[in-house]
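Observations on chain architecture
So the chains spell out like this:
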Amino acid sequence: METTTLEHRFNQKIEREEKIEPKDWMPDDYRKNNIRQISQHAHSEIVGMLPEANWITRAPSLRRKVALLAKVQDEAGHGLYLYSAAETLGAGRDEMIDDLHSGKAKYSSIFNYPTTTWADIGAIGWLVDGAAITNQVALCRTSYGPYARAMVKICKEESFHQRQGYNIMMTLMRGDEMQREMAQDALNRWWWPSLMM
């Protein structure tokens, strides 16, 4: 079948808001752009868990340790869902990881900020995960089926993470003066990076 006919059918499918599936014909630029976006998103999920994983052993209670461990596990799962979606487009996971390590591939720069206190974990959950939800909820309707389906699950879990961060911040604000100052400092430091995200 001629490429122009295939492109026409592809564009009609997009206009009808039907999902493009891995075995469907798609233009090379569509495939490449999806691989780039999905792999960058996957890298951000994996890199994003690192600052929080650093606090698992230092969380203030067993309950907080378990909740943070579950969140970090969720973020790793998000990365795996997304790497799998990129693989359906022909991308190799090893190549995607090599591109991340070499600096060829990017990830969200918000994960380069330090987490100096426990309050940072609350601010990340409330503000950063909140910003992620704002940016990502539209991706539940993206045209590439595997990406859209992964995003439905990811957004649901990110909503839980945002609530968890809010709970940490509210607990600190109900604490003593030192805890309130720590919470305010974290909010001050994470506010602008979250808005930029």
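Structure's up top.
Just so we're clear, the structure is a prediction, and the values are computed from it rather than from any experiment. (Residues numbered from 1 in each chain as written. Predicted model: local features only at pLDDT ≥ 70, side-chain atom pairs only at ≥ 80, totals over all residues. Heavy atoms only, no water.)

We now examine the overall build of the chain. Secondary structure assignment for the chain yields 7 helices and 0 strands. Reading the secondary structure of the chain in the N-to-C direction produces α-α-α-α-α-α-α. In terms of principal-axis extent, the alpha carbons of the chain reach across some 70 × 35 × 30 Å. Here the contacts in the chain between residues at least 6 apart in sequence split such that 74% fall between residues at least 24 apart. Only carbon and sulfur atoms are counted for the fraction: they give 56% of the accessible area of the chain, which is about 11,000 Å². (Helix = DSSP H or I, 4+ residues; strand = E, 2+ residues; numbered from the N terminus. Contact = heavy atoms within 4.5 Å. Areas by Shrake-Rupley, 256 points an atom, 1.4 Å probe, with all protein chains shown as cover.)

It is worth spelling out the nonpolar core at this point. The biggest cluster of nonpolar side chains holds 24 residues, and the ones touching the most others in it are Leu68, Trp118, Ile121, Val128, Leu172 and Trp190. Of all the secondary structure elements, the ones that give two or more residues to this core are α2 (28-53), α3 (62-87), α5 (118-136), α6 (145-173) and α7 (177-196). Here this core gets 7 residues from one element, more than from any other, and that element is α5. Setting aside residues no more than four positions away along its own chain, Trp118 makes contact with Trp55, Ala59, Pro60, Arg64, Leu68, Ile168, Leu172 and Met182. Core analysis: the next-biggest nonpolar cluster, separate from the first, contains 20 residues, Phe10, Leu89, Met96 and Met151 among them. (Core = buried A, V, L, I, M, F, W, Y, C linked by side-chain atoms within 4.5 Å. Buried < 20%, exposed > 50% of the residue type's maximum accessible area, 1.4 Å probe, protein only.)

This brings us to a nonpolar patch on the surface. Nonpolar side chains collect at one region of the surface, where Tyr113, Trp191, Trp192, Leu195 and Met196 lie side by side and expose about 620 Å² of accessible area between them. Structurally, the position occupied by Met196 is in helix α7. (Patch = residues over 30% accessible without salt bridge, like charges linked within 9 Å, V, L, I, M, F, W, Y side chains within 5 Å. Salt bridge = Lys/Arg side-chain N within 4 Å of Asp/Glu carboxyl O.)

For the pair α3 and α5, the least separation of the axes is 13 Å and the interaxial angle reads 45 degrees. Classified by the angle their axes make, α3 and α5 are oblique. Read as a crossing pair, α3 and α5 show a hand that is left-handed. In this structure, α3 uses Arg64, Leu68, Lys71 and Glu75 to contact α5, whose residues at the interface are Trp118, Ile121, Ile124, Gly125 and Asp129. Residues belonging to the contact of α3 with α5 are distributed by class as follows: 4 nonpolar, 1 polar and 4 charged. (Axes fitted to C-alpha atoms, helices over the stretch in contact; angles between N-to-C directions. Parallel < 35°, antiparallel > 145°, perpendicular 65-115°, else oblique. Left-handed = near helix turned anticlockwise from the far one by under 90°. Nonpolar A, V, L, I, M, F, W, Y, C, P; charged D, E, K, R; others polar.)

The next thing to look at is the pattern of salt bridges. If you walk through the whole model with that rule in mind, you get 11 salt bridges. Across the pair Arg149 and Glu21 runs a salt bridge, and its minimum N-O distance is 2.8 Å. Taken together, the residues Arg149 in helix α6 and Glu21 in the loop between α1 (3-15) and α2 connect sequence positions 128 residues apart. What makes Arg149 partly exposed here is its relative accessible area of 48%. Of the residues examined, Glu21 reaches a relative accessible area of 24% and is grouped as partly exposed.

By the secondary structure assignment, Arg9 is in helix α1. C-alpha of Arg9 to C-alpha of Trp25: the two residues are 16 residues apart in sequence and 9.1 Å apart in space.

So, about the environment of Arg163. By the element assignment, Arg163 lies in helix α6. Considered as a pair, Arg163 and Gly130 are 33 residues apart in the sequence and their alpha carbons are 9.0 Å apart.

Further remarks concern the side chain of Thr142. Tracing the backbone shows Thr142 in the loop between α5 and α6. Ignoring any residue separated from it by four or fewer positions in sequence, one finds Thr142 in contact with Lys19, Tyr147 and Ala148.

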